[in-house]
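Inside the fold
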Amino acid sequence: MIRVDSSLPARWLGAARLTAGAFLLCAIATGLLFWAAPALGTPARLFVFVGCVGMVFIACIAVLGRSRWLRRMQALPRWLLTGAIAIPTGYFGGHLVALLILGEPIGRVVGHESDYMVAFAFGLVLAVFVLYVAATRDQLAKEAIARSDAQRLATESELRLLRAQLEPHMLFNTLANLRSLVSEDPRQAERMIDQLIVYLRSTHAASRDEVTTLQSEFAQLRAYLDIMSLRMGPRLAYRLDLPAELARIAVPPMLLQPLVENAIRHGLEPKLGAGSIDVLARAIEGGIEVAVDDSGLGLSPHHLASSDDQAGEVCGSGLKNVRDRLQALYGVRASLTLQARSPCGVRAVVRIPS
């Protein structure tokens, strides 16, 4: 699958907005400075000075922001020290650059001493304002990272809880079946043990990794469905369809397991007669789609028309867990939807961005 960096247009848009904002701020500052001290020169000349001072000032902040020893300091002393360095550097360095651009002699500034004081005071107020905005944005960014980390930790805790819920349920029922198969059908018991080993090994591997591949996810599903087909006999048929070009796609571990387990527990096990589960992966524009189709009892029209959270409660905590993990990892770009199948059953569709 061809991966396109969808963040490039956003970066260009962000840069354009920043440039437009800086230009507007310089224009407003130039107008105010010309009104306060007209003897300093024409608006065009003042715009060059304001723009150069602003660029040198912001560049100094950016350079200081990359300093490791500054980043280890507390927020207030860090920004006070940044201002103490960046304000004089921006003021005098910007003036020097502006004079070079205008081709004027170094040290030549038109105006009276009072005009210089007005210009310096105006520049100081503007610099403090820019520092305040930069400090606020830095604090908001840190808070956003902290919230993201907290959400990620909560998602990992939910995943551990999900494993704790899935494995005992799976093991107890499988071991109960094994106990009867050992004497009735030793070969079937041996096959079930082999599949249980594969399933537990893949589950253990998933518990150590934050991401896995669709190939590994489908291998775990195959082991799980093999065990369930041995338990349910002819009542369960399944099909897994994973195109080769999608095998190495990275996905969260155990993302599909709750969907398959819900399909069996709430759709096929309560149903009389045979049923089937199909797990199908395909590429879509901007990502992948994995559908889990079952021919079980299905959900009532009321539940399908209800919110996703209500549908998740109907099918246990599995769907809610999947939806919360998708939200935490991908935001609104990923989704989990439920659809009624005809004549019976449910389709659970997971869409993940590339």
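Anything mentioned here points back to the structure above.
Structure report, in brief. All of these numbers come straight from a predicted model, not from anything done at the bench.

**Things to note about the pattern of salt bridges**
In the structure shown here, the tally under the stated rule is seven salt bridges. One salt bridge in this structure joins Asp-293 and Arg-347, with 2.7 Å as the shortest N-O distance. Pair noted here: Asp-293 is in strand β5 (residues 287-294) and Arg-347 is in strand β7 (residues 346-353), with a separation of 54 residues, a long-range link. Since its relative accessible area comes to 5%, Asp-293 is described here as buried. Assessed through its relative accessible area of 25%, Arg-347 is described here as partly exposed. Beyond isolated ion pairs, a larger network of salt bridges with shared partners links Arg-282, Glu-289 and Arg-351.

**Digging into the sheet that holds strand β2 (residues 236-241)**
Sheet architecture is open: five strands sit in the order β2-β4-β5-β7-β6, paired in mixed fashion. At either margin of the open sheet sits one strand with a lone partner, and together these are β2 and β6 (335-340). Averaged over all pairs of adjacent strands, the angle between their axes in this sheet comes to 15°, without regard to strand direction. Alignment of strand β4 (residues 275-284) against β5, held across eight bridges, turns out to be antiparallel. Residue pairing across strands places Ala-281 opposite Val-290, the latter belonging to β5. The sheet contacts of helix α7 (residues 214-232) involve β2, β4 and β5, and relative to β2 the element is tilted by about 170°. Each of β2, β4, β5, β6 and β7 is contacted by helix α8 (residues 257-268), which is oriented at about 150° to β4, the strand it contacts most.

**Considering a nonpolar patch on the surface**
Together, Leu-25, Phe-129, Tyr-132 and Val-133 make up a nonpolar patch on the protein surface, roughly 380 Å² of accessible area in all. With three residues, helix α5 (residues 113-184) is the largest single contributor of residues to the nonpolar patch. Topologically, Val-133 is positioned in helix α5.

**Thoughts on unusual backbone geometry**
With glycine set apart, most residues show a phi of negative sign, and most peptide bonds adopt trans. Across the junction of Ser-342 and Pro-343, the peptide omega takes the value 5°, indicating a cis bond. With respect to the secondary-structure elements, Pro-343 resides in the loop between β6 and β7.

**What about the nonpolar core?**
Side chains of nonpolar character tend, in soluble globular proteins, to be buried together. Residues Leu-259, Val-260, Ile-264, Ile-277, Val-279 and Leu-326 are the most contacted members of the largest nonpolar core, which totals 46 residues. When residues in this core are grouped by element, the largest group, 10 residues, is from α7. Residues in contact with Ile-277, not counting those within four places in the same chain, are Leu-225, Leu-236, Ala-237, Tyr-238, Arg-239, Val-260, Ala-263, Ile-264, Leu-268, Val-292, Asp-293 and Asp-294.

**Side note on the environment of Ala-59**
Its location among the elements puts Ala-59 in helix α2 (residues 43-65). Judged by its relative accessible area of 39%, Ala-59 falls in the partly exposed class. Sequence separation between Ala-59 and Ala-86 is 27 residues, and the spatial gap between their C-alpha atoms is 8.7 Å.

**Details of the pairing of β5**
Buried residues dominate β5, accounting for eight of its eight residues. In this antiparallel pair of consecutive strands, β4 and β5, the connection spans two residues, and Gly-286 shows a positive phi of 85°. With eight bridges connecting them, β5 and β7 associate as antiparallel partners. Paired with Val-290 across the bridge in β7 is Val-350.

**Some thoughts on the packing of α2 against helix α4 (residues 75-102)**
When two helices pack together, you describe them by how their axes are tilted relative to each other and by the distance separating the axes. Two numbers describe how α2 lies on α4: the axes approach to 7 Å, and their chain directions differ by 140°. By the angle class used here, α2 and α4 are oblique. By crossing handedness, the relation of α2 to α4 is classed as right-handed. Looking at the contact of α2 with α4 residue by residue, the class counts come to 19 nonpolar, six polar and one charged.

**Thoughts on α2**
Across its 23 residues, α2 extends 32 Å between first and last C-alpha, which sits within 8% of the 33 Å expected from 1.5 Å per residue. The set of residues buried in α2 consists of Arg-45, Leu-46, Phe-49, Val-50, Gly-51, Cys-52, Val-53, Phe-57, Cys-60, Ile-61 and Leu-64.

**With respect to the side chain of Glu-217**
Turning to its location among the elements, Glu-217 is positioned in helix α7. Buried and unpaired, Glu-217 has Arg-325 as its nearest opposite-charge partner, separated by 6.5 Å. A polar atom in the side chain of Glu-217 sits 2.7 Å from the backbone nitrogen of Leu-255. Separated by 2.9 Å, the side chain of Glu-217 and the backbone nitrogen of Leu-256 make a polar contact.

What counts, and where the lines are drawn
- Residues numbered from 1 in each chain as written.
- Predicted model: local features only at pLDDT ≥ 70, side-chain atom pairs only at ≥ 80, totals over all residues.
- Heavy atoms only, no water.
- Salt bridge = Lys/Arg side-chain N within 4 Å of Asp/Glu carboxyl O.
- Helix = DSSP H or I, 4+ residues; strand = E, 2+ residues; numbered from the N terminus.
- Buried < 20%, exposed > 50% of the residue type's maximum accessible area, 1.4 Å probe, protein only.
- Pairing = 2+ DSSP bridges.
- Axes fitted to C-alpha atoms, helices over the stretch in contact; angles between N-to-C directions.
- Contact = heavy atoms within 4.5 Å.
- Patch = residues over 30% accessible without salt bridge, like charges linked within 9 Å, V, L, I, M, F, W, Y side chains within 5 Å.
- Areas by Shrake-Rupley, 256 points an atom, 1.4 Å probe, with all protein chains shown as cover.
- Core = buried A, V, L, I, M, F, W, Y, C linked by side-chain atoms within 4.5 Å.
- Parallel < 35°, antiparallel > 145°, perpendicular 65-115°, else oblique.
- Left-handed = near helix turned anticlockwise from the far one by under 90°.
- Nonpolar A, V, L, I, M, F, W, Y, C, P; charged D, E, K, R; others polar.
- Expected span 1.5 Å × (residues − 1).
- Lys, Arg positive; Asp, Glu negative; His and termini not counted.
- Polar contact = N/O pair within 3.5 Å; in protein donor to acceptor, adjacent residues only side chain to side chain.

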